[in-house]
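Close look at the chain arrangement
What follows is the residue order along each chain.
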Amino acid sequence: MKTFSEMIRLLEGTSDSIQKINLISGYLTSEKNDKDRVWAIGLLLGIRPTGIIPVKKMRQWCIGHVGIPIWLYDFSHQITGDHAETIGLMVASEVQSNNLYLHNWIEKIQQVQKAQDDQIRELVMHAWSSLENDSVYIFNKLITGQFRIKISKNIIVEAVCKTTGQDINAVSYHLMKDWHPDQIYWQQLFNFENSESRISNPYPFSKIYAIHSEEVETITPEQWVALWLWDGIRCQLIVRKGEIHIRTMGEELITNKLPEFGFLQGGYGDFVIEGVMVSWIGDKPIDSEKLLARMSRKYITKKVFQSIPAVFIAEDLLEEEMADIRFESYEERRSRLKNLMARINNPNVLLSPLIEFNDRFALAYHRNKARETGAIGLILKKKTAKQRADIVPEEIWEWKNEPYTIDAVLIYAHRSLIRGNHFFSDFTFALWDGDNLIPVAKAFSGLGDDEIIEISAWIKSHKIESFGPVVSVHPDLVFELSFECVSNSARHKSGIVLRLPRIVRWNRDKLPEDAHKLADLKSLIIV
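Residues numbered from 1 in each chain as written. Predicted model: local features only at pLDDT ≥ 70, side-chain atom pairs only at ≥ 80, totals over all residues. Heavy atoms only, no water.

A word on the overall build of the protein
Helix and strand counts for the protein stand at 19 helices and 21 strands. Computed over its C-alpha atoms, the radius of gyration of the protein comes to 26 Å, within 12% of the 24 Å expected for a compact globule of 527 residues. Reported as C-alpha extents along the three principal axes, the dimensions of the protein are approximately 80 × 65 × 40 Å. With 527 residues in all, the protein has 50% of them scored as buried. Charged side chains in the protein number 63 positive and 69 negative. The centres of these two groups are separated by 4 Å. (Helix = DSSP H or I, 4+ residues; strand = E, 2+ residues; numbered from the N terminus. Rg over C-alpha atoms; globule rule 2.2 N^0.38 Å. Buried < 20%, exposed > 50% of the residue type's maximum accessible area, 1.4 Å probe, protein only. Lys, Arg positive; Asp, Glu negative; His and termini not counted. Charge placed at Lys NZ, Arg CZ, Asp CG, Glu CD.)

Section: the packing of aromatic side chains
Summed over all chains, the structure comprises 9 aromatic pairs. Its end group placed over the ring of W186, R37 keeps NZ or CZ at 3.9 Å from the ring centre. Positioned above the aromatic ring of W506, the side-chain terminus of R508 is 3.8 Å from the ring centre. (Phe/Tyr/Trp six-rings, centres within 6.5 Å; stacked < 30°, edge-to-face > 60°. Lys NZ or Arg CZ within 6 Å of the ring centre and 35° of its normal.)

Section: a nonpolar patch on the surface
Together, W71, F75 and I79 make up an exposed nonpolar region whose accessible area comes to about 360 Å². Considering the arrangement of structural elements, one finds F75 in helix α5 (residues 70–80). (Patch = residues over 30% accessible without salt bridge, like charges linked within 9 Å, V, L, I, M, F, W, Y side chains within 5 Å. Areas by Shrake-Rupley, 256 points an atom, 1.4 Å probe, with all protein chains shown as cover. Salt bridge = Lys/Arg side-chain N within 4 Å of Asp/Glu carboxyl O.)

What about the packing of α5 against helix α6 (residues 83–91)?
It is the contact of α5 with α6, at a shortest axis distance of 9 Å, that shows an interaxial angle of 120 degrees. Relative to α6, the element α5 lies oblique. With respect to the hand of their crossing, α5 and α6 are arranged in right-handed fashion. From α5, L72, Y73, S76, H77 and T80 reach across to α6, where they touch H83, E85, T86, I87, L89 and M90. Of the residues that constitute the contact of α5 with α6, the class distribution is 5 nonpolar, 5 polar and 1 charged. (Axes fitted to C-alpha atoms, helices over the stretch in contact; angles between N-to-C directions. Parallel < 35°, antiparallel > 145°, perpendicular 65-115°, else oblique. Left-handed = near helix turned anticlockwise from the far one by under 90°. Contact = heavy atoms within 4.5 Å. Nonpolar A, V, L, I, M, F, W, Y, C, P; charged D, E, K, R; others polar.)

Quick look at the environment of I106
Within the fold, I106 resides in helix α7 (residues 102–111). Taking relative accessible area as the criterion, I106 reaches 0% and is therefore assigned buried. Considered as a pair, I106 and E85 are 21 residues apart in the sequence and their alpha carbons are 19 Å apart. Discounting residues that sit within four places of it in the chain, I106 has contacts with W39, L43, P49 and L142.

Considering the environment of P202
Relative to the helices and strands, P202 is located in the loop between α12 (186–189) and β1 (209–210). Taking C-alpha positions, P202 is 45 Å from E132, a pair spaced 70 residues apart along the chain.

Notes on the environment of G434
Here G434 is to be found in the loop between β14 (420–433) and β15 (436–443). Linking G434 and H174, residues 260 residues apart in sequence, is a C-alpha distance of 54 Å.

By themselves these figures say nothing about function.
So, in structure tokens, the structure goes:
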């Protein structure tokens, strides 16, 4: 339990992907108990035991156990922002006094799932008195059913590959299948002998480079083709031996999230197509955030299927009838893809159209019109281009739309998880709606270290009140934010949500009344 808890603490303290891979791999290598290793992978992937006690009751038990007034507990919770952490800091032992494994504690929690409160409380008190801080924190999360850690599945897959020496596609294929730590052993989970996972292997994705203004002048219709750059999940549609597999650019297997493509398993032959998964209604795609929200659901209802339909936009054919055709010219591959799409002839799989242009001015015109079609720019591909992982920049470019910008007022700041509680690095910004400031975006990137230090000092002296690790501040500072697009949102008070908001600069010369209005932002929504 202790080594797992230490790993989680270190994972939550870093944003570096390589370090996360090394931490998970280091744990899996050093942990000798196979059941703990399987449960660790399961917990990281989101497989967790059912919670058996509400956090509110844990709070009551902690206050009674430690013998402190309610106000002191609530004040401490305001600083940490997390009940499990608050309780861990208050009740944990300095030295761990038992050697139970992670899976032992999970089994104990499972055994009292239907027990009376007295029996559950007895287990809780035993854990609090015999575990140190990090382990109490994990125990509290597990017994309340709130254990979750924000980590990419691809990082977990890469860590397992580093530990086992197995192929990344095979590991991804097996980990994304339906399994539970209670029902499988480590050897079973990673026994790939005679595995059929190879049929789901993708090809290396094409690398698309951002074009510079001087390169645009070299683009001619005789040598190049233009396609829309769609905002969605870049993936490969793989059909081999009667099975369909869909893999993202991060090599995550998402087939089970997209059952509407099951029709491709019969009658169309074997192929691998690279393209973009979007949600499409009418004659153009809808906000990509909706598709991502659908993909994050464990269960997808009929209503969600109908309101957020998935459509694959085909851009390139990489394999046909088990033959690798990546080294044919794009013009030849496009012709093959067009014939295949004619055979498929299904509204769930669309061919990305070519955009006609005569010169760079026509290209610029189409780029400026991209948002009206639901695209975020253009892809420019040389007709002779081959598809390979080391593709040279001179063969494929992306020409994105210019981002929108607004001036917004800082109203909330969140203590930094990376730099420590003395600094603030996550900020909430607002726009005017009449005489009120309405929050519209959260952003954390774009400021330098010196600015973070200066702003953190200002926040401490201009704080209004605290909400855990979040503080509200006097609305005095104005920042310029950039973002890719704005969409309607029923979940947000403002009624809108921004795509990829980023801090451009601190506008020291502007006053709060100079900030934009909410109506300015809503006017940018393309229906």
